[in-house]
2 protein chains.
Amino acid sequence: MAEVFEGSPEVVMVRNKQVIFKDYVNGYPKESDMVVTSDATVRLELPKNEDGQVLLKNLYLSCDPYMRGRMSKRLEGSYTPPFTPGLPISGYGVARVLDSTHPKFNKGDLVSGITNWEEYSLIMNTESLIKVQQTDISLSYYTGILGMAGVTAYAGFYEICAPKKGDTVFVSAASGAVGQLVGQFAKLSGCYVVGSAGTKEKVDLLKNDFGFDEAFNYKEEQDLNIALKRYFPDGIDIYFENVGGKMLDAVLCNMRVHGRIAVCGMISQYNLNRPEGINNLMFLILKRIKMEGFLVVDYHHLYPKLFEMVLPLIREGKITYVEDTVEGLDNAPAALVGLFSGKNVGKQVVAIARE
Amino acid sequence: MAEVFEGSPEVVMVRNKQVIFKDYVNGYPKESDMVVTSDATVRLELPKNEDGQVLLKNLYLSCDPYMRGRMSKRLEGSYTPPFTPGLPISGYGVARVLDSTHPKFNKGDLVSGITNWEEYSLIMNTESLIKVQQTDISLSYYTGILGMAGVTAYAGFYEICAPKKGDTVFVSAASGAVGQLVGQFAKLSGCYVVGSAGTKEKVDLLKNDFGFDEAFNYKEEQDLNIALKRYFPDGIDIYFENVGGKMLDAVLCNMRVHGRIAVCGMISQYNLNRPEGINNLMFLILKRIKMEGFLVVDYHHLYPKLFEMVLPLIREGKITYVEDTVEGLDNAPAALVGLFSGKNVGKQVVAIARE
């Protein structure tokens, strides 16, 4: 793929395919909000006089619901800056270091962290990058169970929900990147766990592959309150919230005394100009419920604990992680957009290069 | 007042004026939902063969917003049973023990706890009653700062909000039974505190008597979001929630990272058939906010800590407690109903008898 474009024979320039963010988005994002181009080129060598940089060959990219927020003009209260129109999308990924002027990283290292949606990325802010140490495990897992999704599930469930054996646990968007882990963590903690998802295929996955006690297709329920009462006749101790909106309102009516709600995401609301109103917050008082929002950025210190817990489980086959992988940057926009209609089955990954 | 009605000369029967709950209420309660009668009589002596009872002469009754819940037919999730149509209202009060067959209480003791809205009450379930020990302090304070309101403010502020010096604190319904204490606790903790209330008189009270740094009349604000930004340009660390509805929605937009919301009450919602929708819960995630509902029933163990803290402050005049006292059971229905239009200035008390 590498071609010598110009200049001295030592400088190798190659094509750098990119997914460019076109402009700020209103409502549901569309594939056409991004454009895939092969116009850019990249020098496969760093200038020696610039310290602290790494040149990455991107291998796997992660599609995450929070990225919708970066497609809007800076919102009041937003914790990440918006994407820049005309520049590539950025996000979490796994990459090989092709060149480095940073003392922490060497040529040949595998890293995970924030990179760009392109074949090769020059990273000047290396703060988010960490070295991939365990290479006997699928590298793509570092975008999910061993990445943000893993720490998110770990922090939200163990730190915020404080599970006890016998607790009843409900997980929405339960087959997603985070939900499938929360459900399995809950079973490992001796909880009764029910998940909701939006297709029969996902519901089957929850029951047959992830070991949820029960699962249901929320799209087939006339009344979510009644659906929840069916699976939780005595109420819900822990709700792991991924969707917001009507599901949250129904859950609030079904919480038990001293219940805990970890608010991880509200994907049903991200594309609405005005979020739906939640009417049942009085139950926070009546049932003395703790409801806590959280972001993975506050829990990076838990990576070692997550790895200590899940690496043996992965190696022993005691935890399952389902990925939905598309091949190549050309398919990346559709994969990202698909998150918001629930097209993905499991963790959505874009494979850019398999070494 | 005592008259000999019938029977042997040893048995003194007296009139027992009562506030009778007429029927379940929809929407705002009205005075006419209760009726004051003098039809009942009471024997001023307990039968000796019935153990574990006390006969009380009620002195002060407490009007509390939670009592609205007891005027509705049992709601799903409600933590207290509804009042019984045809029987007296019950609630928190202070009383003198006239007779006792309970080993814990003696004739002449002063007690606080759950009693009935009548002159004399025969209490068979004495579980909620505690002896009043400090009699150098206004007895009515045991319905407020030394009663439920005090423990509510103490638990909500110190246990749930976990204040740090320099935190910015917002209190709604800030001149009420609980709010006025939360504001003063916040000042004692070195916080910046702002309160909202519904009249100029209350706003003045907040600033001049309770030492709030700032206060505003929410009824005079076109846009609560703008009002909050005026007083909290850098956001709110702690919100002590007493009102719900539009105020909560505006506060959510103004919370700081890792903010805490103690949900004590939502008085603006109690008389609506369907509570208002809250649209801004996404901020729970963006700002990693903990929002926790609580009830005083879970914090009875904090009474000793509350007393240890506030008794010296009361005696030294370092804490102020404003009461709004009406005289006599005839005025009790109006006092209770008045809570929901904000008629009361400070803690609403009904004085039945001053000894």
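Residues numbered from 1 in each chain as written. Chains lettered and ligands numbered in written order. Predicted model: local features only at pLDDT ≥ 70, side-chain atom pairs only at ≥ 80, totals over all residues. Heavy atoms only, no water.

The name an unreviewed UniProt entry assigns to chain A is Oxidoreductase, from the organism Helianthus annuus.

## Quick notes on the interface of chain A and chain B
If you look at the interface, chain A gives 35 residues, while chain B gives 36 residues. Interface area, chain A with chain B, both sides summed: about 3,000 Å², of which 62% is carbon and sulfur. Applying the counting rule to chain A against chain B returns 2 salt bridges. B:Asp298 is paired through a salt bridge with A:Arg288; the nearest N and O atoms lie 2.8 Å apart. For the pair chain A and chain B, the interface holds 12 residue pairs in polar contact (both at pLDDT 80 or more). (Contact = heavy atoms within 4.5 Å. Buried area = accessible area lost by both parts, 1.4 Å probe. Salt bridge = Lys/Arg side-chain N within 4 Å of Asp/Glu carboxyl O. Polar contact = N/O pair within 3.5 Å; in protein donor to acceptor, adjacent residues only side chain to side chain.)

## Considerations on the confidence of the model for chain A
Looking at chain A as a whole, the pLDDT averages 94, with 96% of positions reaching at least 70. Here residues 1–5 of chain A is a poorly scored stretch, pLDDT under 50, and it has 14 contacts once near neighbours within four places are set aside; other chains count. (pLDDT = per-residue confidence, 0-100.)

## Comments concerning helix H4 (residues 224–231) of chain A
All names here are of chain A. For H4, the set of buried residues is Leu-224, Ala-227, Leu-228 and Tyr-231. In an axial view of H4, the angular spread of the buried residues amounts to 95 degrees, which keeps them on one side of the axis. Tucked into the core, H4 has its buried residues touching strand E10 (168–171), strand E11 (192–197), strand E12 (214–217), strand E13 (236–241) and helix H5 (246–252). Between a side-chain oxygen at the N-terminus of H4 and the backbone nitrogen of Asn-225 the separation is 2.9 Å; the capping residue is Asp-223. (Buried < 20%, exposed > 50% of the residue type's maximum accessible area, 1.4 Å probe, protein only. Helix = DSSP H or I, 4+ residues; strand = E, 2+ residues; numbered from the N terminus. Arc of directions from axis to C-beta.)

## Observations concerning the packing of helix H1 (residues 148–160) of chain A against helix H7 (residues 303–315) of chain A
All names here are of chain A. Where H1 meets H7, the closest approach of the two axes is 10 Å, and the angle between their N-to-C directions is 95 degrees. By the criterion of interaxial angle, the relationship of H1 to H7 is roughly perpendicular. In this structure, H1 uses Met-148, Gly-150, Val-151, Tyr-154 and Tyr-158 to contact H7, whose residues at the interface are Tyr-303, Lys-305, Leu-306 and Met-309. Looking at the contact of H1 with H7, its residues break down into 7 nonpolar, 1 polar and 1 charged. (Axes fitted to C-alpha atoms, helices over the stretch in contact; angles between N-to-C directions. Parallel < 35°, antiparallel > 145°, perpendicular 65-115°, else oblique. Nonpolar A, V, L, I, M, F, W, Y, C, P; charged D, E, K, R; others polar.)

## Some thoughts on the nonpolar core
A:Leu146, A:Phe170, A:Tyr239, A:Leu281, B:Phe170, B:Tyr239 and B:Leu281 are the most contacted members of the largest nonpolar core, which has 145 residues in total. Ranked by residues supplied to this core, first place goes to H1(A) with 8 residues. Setting aside residues no more than four positions away along its own chain, A:Tyr239 makes contact with A:Phe170, A:Ser172, A:Met247, A:Leu248, A:Val251, A:Met255, A:Arg260, A:Ile261 and A:Ala262. In this structure, B:Leu206, B:Leu302, B:Leu311 and B:Val345 belong to the second largest nonpolar core, which totals 61 residues. (Core = buried A, V, L, I, M, F, W, Y, C linked by side-chain atoms within 4.5 Å.)

## Overview of the domain arrangement of chain A
All names here are of chain A. Taken domain by domain, chain A holds domain 1 (13–144 + 322–351) and domain 2 (148–297). For domain 1 and domain 2, the distance between their C-alpha centroids amounts to 29 Å. Across the contact, 20 residues belong to domain 1 and 16 residues belong to domain 2. There are 5 residue pairs in polar contact (both at pLDDT 80 or more) connecting domain 1 and domain 2. Looking at side-chain class alone, the side of domain 1 that touches domain 2 contains 10 nonpolar, 7 polar and 3 charged residues. (Domains from an automatic or database assignment.)

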